[in-house]
Each structure stands twice: as structure tokens, then as C-alpha cells.
Amino acid sequence: MTDTLHATHSPGVPILRLGTRNSPLAMAQAYETRVRLCAAHGWNEAAVELVPVVASGDKVLDRPLAEIGGKALWTKELDQWLDEGRIDAAVHSMKDVETLRPPMLAIAAVLPRADTADRLVGAASIEEIPHGATVGTSAPRRAAQLLHARPDCKVVTFRGNVATRLGKLSDGEADCTLLASAGLDRLGEDGVGARLDPEQWLPAPAQGAIGIECRADDSAARAFLAAIDHAPSRQAVMAERALLKALGGNCHSPIAMLSGTDGAQLTLRCALFSPDGAERIEESASGPAGEWDWVAAMGAGLLARLSSNMAPHFGHHGT
Ligand SMILES: NCc1[nH]cc(CCC(=O)O)c1CC(=O)O
């Protein structure tokens, strides 16, 4: 342990510089992280300096993320700032973090996971969406799930932050949209939309989970962050990420999953879709947390069942 770990906080000198994207949702997640850090360590607010960083994913808003470079666009700048020592830690929506991370970084904490569900805005349920309605989303998973349940609907590309998407909806650019319950709640939009039961409408891997990364060799930052780590949430998120990795999943892949635990064992349910929603396969498996052989086997089992239509969107095909 270094001395900084035991240092009392001197005014004006932050103990931890916490990098975050600057979108309202990312800032809300950074505030939550700061509150938890200060509570765990008895710090005052100034001990955690929030450092907003503009991510390339927030600069290009007119094309689907999958087209412009994928999830790396959310983390590239923060990874670089960590590497350069300009920040000590970075907050992420774990849903947006690629399974392959720079070896110099460690996921040092996962906060208690929020609601994993999606919410439907613009209709009371999937069944009640008017016939032939347009649904705005740019997530391949949401598009495929929607078209699977409602092949009569039309999917239109909807990007931008949560407020932008809600704005597009009220401007009439689509009849409905799908958003993460966790994000809406964090933005104080708790009354917006109808919650879709995650057992029926499986969420994205790691949805609702906030993770904090630091340099793997920064033992002081690691110890600070360990104090706010929530082990059950970490295990669930790591299992989901292990399955996503086994599936060769990326932001092009219509992959949905849900994890649960009975205390001793983890259970994973996973559904893969063809992009047009016409095909869907599902599998579930259980095993011990922290050992991912059973997860890898589950992934291999799913990959073996892919139709020729689905195959190009999964597995390790480059991108
Ligand atoms: N893709 C953007 C994104 N990344 C994380 C969340 C929501 C918060 C979370 O899942 O933790 C959202 C918005 C959304 O999907 O509605």
C-alpha cells in the first residue's frame, strides 16, 4: 500500500481523479460513484474530482454505433487518459465496455446493479404497439427482438443520448422507442415508459451495471475502489461478459441475456437473433461464479446451433 491510501484529504487536492464521459447519464453515474466512494472512505466531496472527457462516440451522432467503430468509441479517450496518468479511474456503463480490454487496465469495482430491464416508450406493451408502427433504436438486439415479436413494425435508426432520443420521439420521428430502465431512472425519468419484464424481453449483457476501471498496477486506486465493489453484481457482469466473449459478440450482434443466482450457482439465459428478428435461438446453463468453463461451453453450444443467416453476426469473424 502506498502512503496516499492513508493520507487525510488536504483541501484543494483531490485523492482520486475520476474520469467520465460528459453525457448527462455518464455524469449521473459519476456522481453516484463519488457518493459511494466518499461514504466508504469518510471523504468530503472534493476528494473525488470528476473529470469529464468527450468520447468519440458522442461526437458522431448520425450513424449507428456499429458502423462507426463500435463500443471502443465510448472508452478510447478515457483509456488514453488513464494510460497518461491524467485520471486515476474511469466510470463506465459496463454494457458499453468491450470484452477485450487493454491489459494495463483493471475493472476494480462494479457497483450494485440497477434494474436490468428495458422500457418501452410510446406504447403500454409490445403487444399494444399499433400495427405497422415505427420504432426508433440503433441497438441490433432491440431491433431484432422487436421484429421477432412484431414483424409488422418498422425500425428506424435512433442515436444520441437518452434526452435526444426522447426528443426525437416527441418530434414524431418514431412512434415508440426502447431505452434502458437503469438509464431513465438515473436521469430522474422514472415515470417514463413501460417496463418490459426481463424474463420475457432479455436485456443486453451487463445492462444496468456501472463499472470503474483503473490502471492495473495502481494499488492505491485499486484499494479505494475495492471498498465500493459489490461482489454479486461483479460476478453477474463478469459471467455475462464471459459469455459475450465466447460468442464473439460485438455491437453488431443481436445478443440478449439475463443472469440470476441462487446464492451458490449462477444461471445464464441467452438468446441470439438474426438481425431481421426472423430467427431466435435460446439456451441456458448454470455453474459456479468465477469459473467460466461452463460459460465457454454454453457459448460454443449456441454457436454450433447458428443458422447460415445468423452465423456472420456472431463468432470471431474479425470486427
Ligand atoms: N447504449 C447507451 C447506454 N449505455 C448504458 C445505458 C443505460 C444504463 C445502463 O444500462 O447501465 C444506455 C442507454 C440505453 O440503452 O437506454
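By the naming in an unreviewed UniProt entry, the protein chain goes by Porphobilinogen deaminase and is assigned to Altererythrobacter litoralis. UniProt annotates the protein chain under Pathway (unreviewed entry) with the comment "Porphyrin-containing compound metabolism; protoporphyrin-IX biosynthesis; coproporphyrinogen-III from 5-aminolevulinate: step 2/4." As recorded by UniProt, the Subunit (unreviewed entry) comment attached to the protein chain reads in full: "Monomer."

Asks: Help me understand the overall build of the protein chain in this model?
Replies: Secondary structure assignment for the protein chain yields nine helices and 13 strands. The C-alpha radius of gyration of the protein chain comes to 20 Å, within 12% of the 20 Å expected for a compact globule of 319 residues. The buried share of the protein chain, taken over its 319 residues, is 43%. Across the protein chain, every contact between residues at least 6 apart in sequence was considered, and the portion connecting residues at least 24 apart equals 71%.

Asks: Just to check I follow, could you spell out the site of the ligand for this structure?
Replies: As a structural note, the neighbourhood of the ligand is formed by Ser-93, Lys-95, Asp-96, Val-162, Leu-179, Ala-180, Ala-182, Gly-183, Gln-207, Gly-208 and Ala-209. Elements with a minimum of two residues in the shell around the ligand: strand S8 (176-180) and helix H6 (181-186). Looking at the shell around the ligand residue by residue, the classes come out as five nonpolar, four polar and two charged. For the shell around the ligand, the two domains that each supply at least three residues are domain 1 (3-111 + 209-229) and domain 2 (118-196).

Asks: Explanation requested: the nonpolar core in the structure shown.
Replies: Soluble globular proteins: nonpolar side chains tend toward being buried together. Of all hydrophobic cores here, the largest spans 80 residues; its most connected members are Leu-16, Ala-89, Leu-225 and Leu-243. For this core, the leading source of residues is helix H8 (residues 231-246), giving eight residues. Discounting chain neighbours no more than four positions away, the residues touching Leu-225 are Ala-89, Ala-108, Ala-109, Ile-212 and Cys-214.

Asks: Explain the sheet that holds strand S10 (residues 210-215) here, please?
Replies: Strands pair in a sheet through their backbones, by hydrogen bonds, and they do so in one of two ways: parallel or antiparallel. Sheet architecture is open: five strands sit in the order S2-S1-S3-S10-S4, paired in mixed fashion. Unpaired on one side and paired on the other, strand S2 (48-53) and strand S4 (105-110) mark the two borders of the sheet. Taking each pair of neighbouring strands and ignoring which way they run, the sheet shows an average axis angle of 30 degrees. The pairing of strand S3 (residues 89-93) with S10 spans five bridges and is antiparallel. Bridging from a neighbouring strand, Ala-89 pairs with Cys-214 of S10.

Quick notes on the rules
Residues numbered from 1 in each chain as written. Predicted model: local features only at pLDDT ≥ 70, side-chain atom pairs only at ≥ 80, totals over all residues. UniProt positions renumbered as here; feature names shortened; annotations may be inferred. Helix = DSSP H or I, 4+ residues; strand = E, 2+ residues; numbered from the N terminus. Rg over C-alpha atoms; globule rule 2.2 N^0.38 Å. Buried ≥ 20, exposed ≤ 12 C-beta atoms within 10 Å, placed from the backbone. Contact = placed C-beta atoms within 7 Å. Near = placed C-beta within 6 Å. Nonpolar A, V, L, I, M, F, W, Y, C, P; charged D, E, K, R; others polar. Domains from an automatic or database assignment. Core = buried A, V, L, I, M, F, W, Y, C linked by C-beta atoms within 7 Å. Pairing = 2+ DSSP bridges. Axes fitted to C-alpha atoms, helices over the stretch in contact; angles between N-to-C directions.

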